[in-house]
Amino acid sequence: RPGGGRGQAGAAARPLRWDYDMVHYGHSNQLRQARAMGDYLIVGVHTDEEIAKHKGPPVFTQEERYKMVQAIKWVDEIAPGAPYVTTLETLDKYNCDFCVHGDDITLTIDGKDTYEEVKTAGRYRECKRTQGVSTTDLVGRMLLMTKAHHSNIDEDLDYRKHTDNFGKGPKGHSPWTGVSQFLQTSQKIIQFASGKEPQPGDTIIYVAGAFDLFHIGHVDFLEKVHQLAERPYIIAGLHFDQEVNRYKGKNYPIMNIHERTLSVLACRYVSEVVIGAPYAVTADLLDHFRVTLVCHGMTEVVSDKDGSDPYEEPKRRGIFQLVDSGSNLTTDLIVQRIIKNRLEFEARNQKKEAKELAVLEAMKRLEEKH
């Protein structure tokens, strides 16, 4: 860590170790909590090989995951190729006082706690797992193709069956892998929001879309937009679930409006989010936010309900710009990657559940002895 390290005066570095496969707002929230425990956050990200060995096939490549984690605003530095088992040697190598992990358990391929060594040495801290989201649940939504996760839609029977069965072992239910519904609160939005108003001299740039399953394609696009101005203030307009479903079809969005809001707010390039932005970028919206530039990526722009171009007004004002992110990764492609790996994912979830249940049983037996 730059500027002092373990045992020296000044602030402590806090590393957080993760595979960060399919980075979602639950991960971002853990990073936020970890960063609040110190002054410099180093995040260890595993290689594809390590994840495949311990957990099953990753959705994203290691290069994609490194970039995704670096784009989260609470991360100061990443440690690429971090070992799956966190050792004191790793902490010392990066000059860290201690490591942080969520309050769920992580196990090696042979069922051992990956944090045993650092816990014994007193160099381990814990942050709360975010209720209502897990990679398992997101994968389940994609595979089931139901819309029960959308806001303002009643839970359907398929989804309830999925909630009961997905991530459930033959002998019971692990509290860490199971599925639950996320409940948005104003406090959570405040914790994620930058709270910064645009300042005189800022270039206010507006981008709009679904930003579903916030991924490396979005990061590449927002990074390019951020480079368009010396002092960019990027406002991301997120469309409501029903609007996204109108132009994307199937069971999109995979993440509902509340989940997508937090995912986008966690990105270091975004200053503000409009929750439920109108599909057409109107004169009222542009005037209200004093927008000087409107950007869109190279993906197709679907017409509004009445057949009009949603970017008609910014084009008329001469403030519309297409931005090539250089990435061809879309939410559709990610879903295709996951469906291709469907059987391996299901096998992984069953194995993970069985491991977690075995640890729970062992913990219960220990408690009974004492």
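Scroll up to find the structure.
Quick caveat, the model's predicted, so the values are computed rather than measured.

(A) Here's a closer look at the sheet that holds strand S11 (residues 293-296). If you trace the five strands from one edge of the open sheet to the other, you get S10-S9-S8-S11-S12, paired in parallel fashion. Looking at which strands have only one partner, the edges of the open sheet turn out to be strand S10 (272-275) and strand S12 (320-322). Going from strand to strand, the sheet's axes swing by 25 degrees on average, the running direction of each strand aside. One ladder, built from three bridges, connects strand S8 (residues 203-209) with S11; its direction is parallel. Residue pairing in the sheet places Ile205 in a bridge with Leu293 of S11.

(B) Structural view of the packing of aromatic side chains. Within this structure, the stated rule accounts for five aromatic pairs. With a centroid separation of 6.5 Å and an interplanar angle of 35 degrees, the aromatic rings of Phe211 and Phe214 are classed as tilted. Overall, Phe211 belongs to the buried group, its relative accessible area being 7%. Between the aromatic rings of Tyr311 and Phe320, the centroid separation amounts to 4.9 Å while the plane-to-plane angle is 45 degrees, which identifies the pairing as tilted. Over the aromatic face of Phe98 sits the side chain of Arg125, whose NZ or CZ is 4.0 Å from the ring centroid. Note that Lys315 overlies the ring of Phe320, its terminal NZ or CZ placed 5.1 Å from the centroid.

(C) Examining the nonpolar core more closely. Counting residues in hydrophobic clusters, the biggest one holds 61 residues, and the most contacted among them are Met22, Val207, Leu213 and Leu222. Tallying contributions element by element places helix H9 (residues 216-226) first for this core, with five residues. Setting aside its immediate chain neighbours within four residues, Leu213 contacts Met22, Leu138, Met142, His218, Ile254, Met255, Thr331, Ile334 and Val335. Within the second largest apolar cluster, 14 residues are counted, among which are Tyr206, Ala208, Ala277 and Leu286.

Calculation rules
Sequence positions are assigned chain by chain, starting from 1 and proceeding in written order. Where totals are concerned, whole chains, interfaces and linings use all residues; where local detail is concerned, this predicted model gives features only for residues with pLDDT of at least 70, and gives and counts side-chain atom pairs only at 80 or more. Just so you know, side-chain values use all the structure's heavy atoms and leave hydrogens and water out. Strands are labelled as partners when DSSP assigns at least two bridges between them. Strands are runs of DSSP state E lasting at least 2 residues, helices are runs of H or I lasting at least 4, and numbering of each runs from the N terminus. Axes here mean lines fitted to C-alpha atoms, for a helix over just the part in contact, with angles spanning 0 to 180 degrees between N-to-C directions. In this analysis, rings of Phe, Tyr and Trp, with Trp reduced to its six-membered ring, are considered paired at centre separations within 6.5 Å, and the interplanar angle assigns stacked below 30 degrees, edge-to-face beyond 60, and tilted for intermediate values. Here's how the labels work: a residue is buried when its accessible area is under 20% of the maximum for its type, exposed when over 50%, partly exposed in between, all with a 1.4 Å probe on protein chains only. Whether a charge sits over a ring comes down to the Lys NZ or Arg CZ being within 6 Å of the ring centre and within 35 degrees of the ring normal. By nonpolar core is meant a set of buried Ala, Val, Leu, Ile, Met, Phe, Trp, Tyr and Cys residues that side-chain atoms within 4.5 Å join together. Contacts are residue-level and defined by heavy atoms, with any inter-residue pair within 4.5 Å sufficient.

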